[in-house]
Amino acid sequence: MNNFWKKIKKFFRGVLKYVNFAAAYRRGRLKYNHLFLNITSYCNSNCVYCEVKCLDHKKDLDFQRLKKLIKEAKDLGVKEISFSGGEPFVYYKVWELIDYTISLGLELNIMSNGLMIADFSEEKMAALKKLKRIFISFDSPVAEIHNQLRGGADFFQKTIAGVKKMLANDIKVSFASVISNQNYSQLEDLIKFTSDLGVKSIFFQPLHVWSNYDAVKNIKGKEDLLPAKKDFSDLRKKIKNSIVLAKNLEIDNNLPAISQWIKNYFIFQQPGARKGKWIENILPDYKCLEIFTKIFIDCDGGVLPCAMLAPRGNLKNKSLKKSLLSLESLKESIRKGNFPKECEQCSCQVASNFTFSLLLSPLKNLKNLAEFICDKF
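So, how was this worked out
- Residue numbers run consecutively from 1 along every chain, following the written order of its sequence.
- Only residues with pLDDT of 70 or above have their local features reported here, since the model is predicted, and side-chain atom pairs are shown and tallied only from 80 upward, although totals for entire chains, interfaces and linings are computed over all residues.
- Each side-chain value is derived from all of the structure's non-hydrogen atoms; neither hydrogens nor water enter the calculation.
- In DSSP terms, a helix is any run of H or I states spanning at least four residues, a strand is any run of E spanning at least two, and both are numbered starting from the N terminus.
- When we talk radius of gyration, it's over C-alpha atoms, and the globule rule is simply 2.2 Å times the number of residues to the 0.38.
- Relative accessible area decides the class of each residue, using a 1.4 Å probe on protein chains only: under 20% of the type maximum gives buried, over 50% gives exposed, and in between gives partly exposed.
- We call two residues in contact when some of their heavy atoms are within 4.5 Å.
- Throughout, the Shrake-Rupley method with a 1.4 Å probe supplies accessible areas, and for residues the shown protein chains are the sole cover considered.
- By definition, the arc is the one covered by directions from the helix axis to the C-beta atoms.
- Think of a salt bridge as a Lys or Arg side-chain nitrogen and an Asp or Glu carboxyl oxygen that are within 4 Å of each other.
- Stacked, tilted and edge-to-face are the three classes applied to pairs of Phe, Tyr and Trp rings, where Trp contributes its six-membered ring and a pair requires centres within 6.5 Å; stacked means planes under 30 degrees apart, edge-to-face means over 60, and tilted covers the rest.
- Charge over a ring is defined by NZ of Lys or CZ of Arg lying within 6 Å of the ring centre and within 35 degrees of the ring normal.
- A pair of strands is treated as paired once DSSP finds two or more bridges between them.
- Put simply, buried Ala, Val, Leu, Ile, Met, Phe, Trp, Tyr and Cys residues joined by side-chain atoms within 4.5 Å make one nonpolar core.
- Handedness is read with the strands pointing away from the viewer; a crossover is right-handed when the path from the first strand over the helix to the second is clockwise.

Caption draft 1: Representation of the overall build of the protein in the model. What the protein contains, in helices and strands, is 14 helices and 9 strands. Expected size for 377 residues packed as a compact globule is a radius of gyration near 21 Å; at 20 Å, the protein falls within 12% of this value. Principal axes of the C-alpha set define a box for the protein whose edges measure 50 × 50 × 45 Å. Of all 377 residues assigned to the protein, the portion counted as buried reaches 53%. Taking the contacts inside the protein whose residues are at least 6 apart along the sequence as the reference set, 75% of them involve residues at least 24 apart. Counting only carbon and sulfur atoms, one obtains 52% of the accessible surface of the protein, whose full area is about 17500 Å².

Caption draft 2: Structural detail: helix α12 (residues 328-335). Buried within α12 we find L330, K331 and I334. When α12 is viewed along its axis, its buried side chains cluster within an angular range of 100 degrees and face the same direction. Downstream of α12 by a residue or two, G337 has a phi angle that is positive, lying close to 95 degrees.

Caption draft 3: Quick look at the pattern of salt bridges. Counted under the stated rule, the structure contains 18 salt bridges. The residue K222 makes a salt bridge to E51 at a minimum N-O spacing of 2.8 Å. In this pair, K222 sits in the loop between β6 (201-206) and α8 (232-249) while E51 sits in the loop between β1 (34-38) and α2 (63-75), placing the two residues 171 residues apart along the sequence. E51 carries the same exposure label as K222, and that label is buried.

Caption draft 4: How the structure looks around the packing of aromatic side chains. The tally for this structure, following the rule as stated, stands at 18 aromatic pairs. With centroids separated by 5.1 Å and ring planes inclined at 70 degrees, the aromatic side chains of F89 and F120 adopt a geometry described as edge-to-face. Remark: F120 occurs in the loop between β3 (107-112) and α4 (122-128) and F89 occurs in the loop between β2 (80-84) and α3 (94-103); sequence separation between them is 31 residues. Taking the relative accessible area as the measure of exposure, F89 reaches 5% and is therefore buried. Aromatic side chains F138 and F156 sit 5.7 Å apart centroid to centroid with 40 degrees between the ring planes, which places their arrangement in the tilted category. Separated by 18 residues along the polypeptide, F138 in the loop between β4 (133-137) and α5 (143-150) and F156 in helix α6 (residues 155-168) bring together distant segments of the chain. With respect to class, F138 is no different from F156; both count as buried. Directly above the ring of Y100 sits K67, whose terminal nitrogen or CZ lies 4.7 Å from the centroid.

Caption draft 5: Seen up close, the sheet that holds β6. Pairing is mixed across the open sheet formed by 9 strands, whose spatial order is β7-β6-β5-β4-β3-β2-β1-β8-β9. Of all the strands in the sheet, just β7 (252-253) and β9 (303-304) have a single pairing partner and so form its edges. Looking at chain direction, β1 and strand β8 (residues 294-297) are connected through 4 bridges and run parallel. Among the inter-strand pairings, F36 is bridged to a residue of β8, identified as F296.

Caption draft 6: Summary view of helix α14 (residues 366-376). Those residues of α14 lying buried are N368, L369, F372 and D375. Buried residues of α14 fall within an arc of 125 degrees about the axis and therefore sit on the same side. Exposed and oriented more than 90 degrees from the buried face of α14 are K367 and C374.

Caption draft 7: Representation of the environment of I334 within the structure. Its location among the elements puts I334 in helix α12. Looking at I334, the relative accessible area reads 1%, which means it is buried. Once the C-alpha coordinates of I334 and L30 are considered, the two residues, 304 residues apart in sequence, prove to be 13 Å apart. Contact partners of I334, with chain neighbours within four places excluded, come to Y25, C288, I291, L309, F339 and P340.

Caption draft 8: Local environment of unusual backbone geometry. In this structure, the amide linkage connecting G85 to the following residue, G86, adopts the cis form with an omega of 20 degrees. On the secondary structure map, G86 appears in the loop between β2 and α3. Phi is positive for D170, which is not a glycine, with a value near 60 degrees. When you line up the elements, D170 lands in the loop between α6 and β5 (173-179). Here D170 falls in the exposed class, since its relative accessible area comes to 67%.

Caption draft 9: Broad picture of the nonpolar core. Counting 117 residues, the largest nonpolar core has F83, F89, L128, M166 and I297 as the members making the most contacts within it. Counting residues per element, this core draws most heavily on helix α13 (residues 350-360), which supplies 6 residues. Setting aside chain neighbours within four positions, we find F89 in contact with V94, W95, I98, I110, S112, M116, I117, F120, L128 and I134.

Caption draft 10: Focus on the pairing of β1. Of all 5 residues making up β1, 4 are buried, and the element is well covered by its neighbours. The pairing of β1 with β2 spans 5 bridges and is parallel. Of the residues in β2, the one forming a bridge with H34 is E80. The parallel pair β1 and β2 is bridged by α2, and the resulting crossover is right-handed.

Any functional reading would require information beyond the geometric quantities listed.
This is the structure:
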């Protein structure tokens, strides 16, 4: 019973946060609160659905510009920063950047594949304790499948060894998992594996068929990882069962914010599918929150409206504040419901936007809201 009331309190705290966002959204007064920063284009894995290996490393921002950027973000009111890449831990000055960010009083998350963590010294583990959270890419409880997706023969073993070391040091860890035709049938096993390991949360996103980086073309054959139409009913069942299992095991997750739209997403990503209708099929009244509250900066200094949209300028030789001004007309257009064509590729931002849209327009989305609440509780 105590756990139930804890969930209720957490849910209503989340509702209050989104209600405040909704009020500011309607008045056009939302402010940035989170910086997503790709600190390097180098990576020590070779994921089958990621184009990072095609990036030009020579264009990466230098260390001093990264530090200045973090300070500029704080001065704009940003409270939280997430380091990604590439792989953040291969960046040659990552520990200095971690210390600097925390010294400014900012909350810091790191998105990592976890391959290096098992070999970290006690000093480095102590530094990781200061982070808000580390998100570890993890796609399957079956070693062979995780290794195949992530591109290394022993990646499963290295990643899990790193996770166990962090848990032993009381470092907050979450899993981040990409749903594809290689692992959707294992979602329940993945939830159970997460629980058995001692990780308390796992967050999902569907496979993103298009390139993850605007500067390079998407990998050929990526669409081969999409679930087929014949799999859609089974996918939906697996997600629903996983939601129930996660409740029972008290594993925090975002599947309730994914289950209602993932089928349509995969339909519109199929080769030959009629494009231009994906966003219209998410909800009767779908809005974007991410572009108003989060800043996305690529390794080369590109200023991205969000993770899916092409850069609208570069801040190598310009302040963050001035660079963000280039997004204002686009943001206003999106607030009015005019989505750019690139939004038809979106997957990773939809879960939070889905939740926000339900609470922004509950009457228009009443059926979807009822299902969402049922899934949550």
